[in-house]
Each structure stands twice: as structure tokens, then as C-alpha cells.
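What follows is each chain in one-letter form.
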Amino acid sequence: MRLVLVGPPGAGKGTQATLLAAHYKIPHISTGDIFRANLKSGTELGLQAKSYMDKGELVPDSVTNAMVKDRLTHADTESGFLLDGFPRNVAQAEVLRAFLGERSRPLDAVVEFAIDNGEIIKRLSSRRTCKSCGKIFAGNLDKCDSCGGDLYQRDDDREEVIARRLEVYAEQTAPIVSFYRTEGLLITISALGAVSSITESALRALSSKVN
Ligand code: AMP
């Protein structure tokens, strides 16, 4: 299964990505997580990405595309993959289509998580992330219930950065929804409701689409 998840920040993409990747036994490839891991370990890639991430802007395509192409050549992607946070604009979507097309491994489906801006702002400003395992929590908690790690608020979950990330989504990322609709790959799921029922809706829609 080769999947892309699309949705504005705060739609629950990361949470659903983890669950769907585990269900299909495919690697979960989150470009945001790769950038954050590089930032934490102080690599050149992390340094290149930092100023853009701090402002809620997209990291340049040249950097991001090279990173994703490299990741997609790892052996664990042979049985499929789930991309979370990539592509983020039409140019990236075209690069991905060409890259997979050359390898005769086209995407099977693209899942869009739909949610309105008011709900996003509410969710993101109370979102906390585990420093150790990356698990995401809603609300002002301070310890992770899975690994006991400390929870923190991502720098780019501050209110002023959230506003810019939403603008960037509307201007640059939302157009890929029409791109994938035209390709016949798009599935749209409401991002409201319990985590488990959103996962079930996605799995149901994917099974009818892919089989
Ligand atoms: P995320 O964790 O997906 O919300 O990504 C966090 C930040 O990483 C974004 O606000 C961007 O600065 C950067 N980023 C993640 N994915 C991409 C991408 N596909 N293209 C450009 N920048 C990205």
C-alpha cells in the first residue's frame, strides 16, 4: 500500500498516520518528524530547515524533495509506505508522481482529513508532544502515558506561528487536494470525532478504493 495523508496542521494526521501505518505494516514517513530529528541532533539538514520551521514556512523543495527521495529508496519501502506531511505543494506532488512513476510504483490512494480552522486553532494551542517517543496529547498534561517522557509544546504550535501555518496550508498545500482528485486518488474523511472512528472510516474507504 502506497499512501499519502493530507490535511491542515492539527487535523490529527500524525495520530492517524501512526495507526494506519501499523495496520498496513508499512513505514510511516513524516517529513516534519525527519526535520525535527535532524534539528535535535544538529545536522546540516536540521540547520537548513530550522529558520523555515520556526516561522511556519515550508522548507525549500530542493531540500525536502531530496530528503524524501532518499528515504523512498530504503528497502523497507518496497512493501509500501505512508507519507505524512509530504507533498505540501503541487510541485512536490509532481516530483513524487514522476519519481514513483519511473519505478512503476504509483500511489494507491491519498487520504484527506477535513476540518475547519476554528477547531484547528483550539486543538493546536493545547497540543503537547512527548520529548522521548513523539506521542501527541490534547490538553495541558506533562507526562507521556506510554513512556513517561516529558511533554512539551512544539515551537511552531504557538498561536502566531499556527496562523501562518494555516495560511501556508490554504495557499500552497490545499491545491494538492484538487491535483489528487483529478488523478482519481482522493479519499476525504472528516477529522472530527473519536480517533478510533476516524481510523475505521479511513480503513473502510481505503479497502473499497484499493480492492
Ligand atoms: P509537520 O510536522 O508536518 O507539521 O511539519 C513541521 C514543519 O516542517 C512545517 O511547518 C515545515 O516547516 C516543515 N515541513 C514538513 N514537511 C514539509 C514539506 N513537505 N515541505 C516543506 N516543508 C515541510
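Higher on the page you've got the structure.
Report follows, based on the coordinates.

Thresholds, definitions, all that
- Residues numbered from 1 in each chain as written.
- Predicted model: local features only at pLDDT ≥ 70, side-chain atom pairs only at ≥ 80, totals over all residues.
- Heavy atoms only, no water.
- Near = heavy atom within 4 Å.
- Polar contact = N/O pair within 3.5 Å; in protein donor to acceptor, adjacent residues only side chain to side chain.
- Areas by Shrake-Rupley, 256 points an atom, 1.4 Å probe, with all protein chains shown as cover.
- Helix = DSSP H or I, 4+ residues; strand = E, 2+ residues; numbered from the N terminus.
- Nonpolar A, V, L, I, M, F, W, Y, C, P; charged D, E, K, R; others polar.
- Contact = heavy atoms within 4.5 Å.
- Buried < 20%, exposed > 50% of the residue type's maximum accessible area, 1.4 Å probe, protein only.
- Pairing = 2+ DSSP bridges.

Residues in close proximity to the ligand total 16 residues, the closest being T31, R36, E57, G85 and Q92. Between the ligand and the protein, one listed contact pairs a nitrogen atom with a side-chain N or O atom of T31 at 2.8 Å. Within the complex, the protein chains bury 95% of what would otherwise be the 480 Å² of accessible surface of the ligand. Among the elements that take part in the shell around the ligand, helix α2 (residues 31-40) stands out by supplying 4 residues, more than any other. Here the residues of the shell around the ligand are counted per class, giving 5 nonpolar, 5 polar and 6 charged.

Glancing now at the side chain of T31. For T31, the position within the fold is in helix α2. Of note is the side chain of T31, whose polar atom sits 3.0 Å from the backbone oxygen of G85. The contact partners of T31, leaving out residues within four places of it in the chain, are T64, M67, V68, D84, G85 and F86.

The buried count for strand β1 (residues 2-6) comes to 5 of 5 residues, which makes it a mostly enclosed element. Here β1 shows two buried faces, one formed by R2, V4 and V6 and the other by L3 and L5. Looking at chain direction, β1 and strand β3 (residues 81-84) are connected through 4 bridges and run parallel. Counted as the bridge partner of R2 is F81 from β3. As defined by bridge partners, β1 adjoins strand β4 (residues 109-114) across 4 bridges and the pair is classed as parallel.

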